[in-house]
Amino acid sequence: MYTDDYDPTPLDDELEEEAILDAILLAADGADSSGVFVINPSGLKRFQQAGKIARAITAGTRAKAICEQQSSDLFVSCGTISIIGEKIEIGNPLLFAALGKLSSTMEMYSKTNGEVQINYTFEDITKEI
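Residue numbers restart at each chain and count upward from 1, following the sequence in its written direction. Only residues with pLDDT of 70 or above have their local features reported here, since the model is predicted, and side-chain atom pairs are shown and tallied only from 80 upward, although totals for entire chains, interfaces and linings are computed over all residues. Hydrogen atoms and water are omitted, and side-chain values are computed over all heavy atoms in the structure.

Can you explain the environment of Leu95? Please cite residues and give values.
Counting from the N terminus, the helices are the DSSP runs of H or I reaching at least four residues and the strands are the DSSP runs of E reaching at least two. Note that Leu95 resides in helix H3 (residues 93-102). Buried, partly exposed and exposed residues are distinguished by accessible area as a fraction of the type maximum, computed with a 1.4 Å probe on protein chains only: under 20%, between the cut-offs, and over 50%, respectively. Judged by its relative accessible area of 27%, Leu95 falls in the partly exposed class.

Tell me what's going on with the pairing of strand S5 (residues 116-122), and back it up with residues and numbers.
Judged by how many residues are buried, S5 sits mostly within the fold: six of seven residues are covered. Think of it this way: DSSP has to see at least two bridges between two strands before they count as a pair. Inspection of the sheet shows strand S3 (residues 79-85) paired to S5 by seven bridges, in the antiparallel sense. Looking at the pairing, Ile84 lines up with Gln117 of S5. Direction of pairing for strand S4 (residues 105-110) relative to S5: antiparallel, over a ladder of six bridges. Residue Ser110 lies in a different strand from S5, and its bridge partner there is Val116. Hairpin connection from S4 to S5: five residues lie between these consecutive antiparallel strands, with Gly114 at a positive phi of about 95 degrees.

Can you lay out the environment of Lys64 for me, pointing to particular residues and giving the numbers?
Examined against the element boundaries, Lys64 turns out to sit in strand S2 (residues 64-69). Lys64 gets classed as partly exposed once you look at its relative accessible area, which sits at 47%. In this structure the C-alpha to C-alpha distance between Lys64 and Ile84, which are 20 residues apart in sequence, comes to 5.5 Å. Setting aside residues up to four positions removed in sequence, Lys64 forms contacts with Thr58, Ser82, Ile83 and Ile84. We call two residues in contact when some of their heavy atoms are within 4.5 Å.

Give a description of the nonpolar core that names residues and reports values.
What we call a nonpolar core is a set of buried Ala, Val, Leu, Ile, Met, Phe, Trp, Tyr and Cys residues that are connected through their side-chain atoms within 4.5 Å. In this structure, Ile81, Ile83, Leu99, Tyr120 and Phe122 are the most contacted members of the largest nonpolar core, which totals 14 residues. Elements that contribute at least two residues to this core include exactly helix H2 (41-58), S3 and S5. With five residues, H2 is the single largest residue contributor to this core. Among all residues touching Phe122, those that are not within four sequence positions of it are Arg46, Phe47, Ala50, Ser77, Cys78, Gly79, Ile81, Leu99, Leu102, Ser103 and Ser104.

No statement about biological role is implied by the geometric values presented.
What follows is the structure in structure tokens.
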């Protein structure tokens, strides 16, 4: 339950960050996720095209492309494409740029097992009605 009790006493950064995260989780917990969702044809098509591009980028290499639609209470309409490998070679920079342009967000990082992972997130694969 939300209360409007404002305390002007400054908090240290760690406590303030924890309070903000608690507020976000509380808001998400109260969100109504009982809606009905239908496929968004343009969002799904964009996701499918990106999957083909990811497979073309990784063809003939030891890297692998993983495409999956996520369905959790908070992210009902998202899909993710991950490219994972010890070495990701980009033979065609135009395809790599096209994949980034089709996605909503992109993140790239190294993993503790020596692999590199590139994640592309796609929003609006489904729409609430």
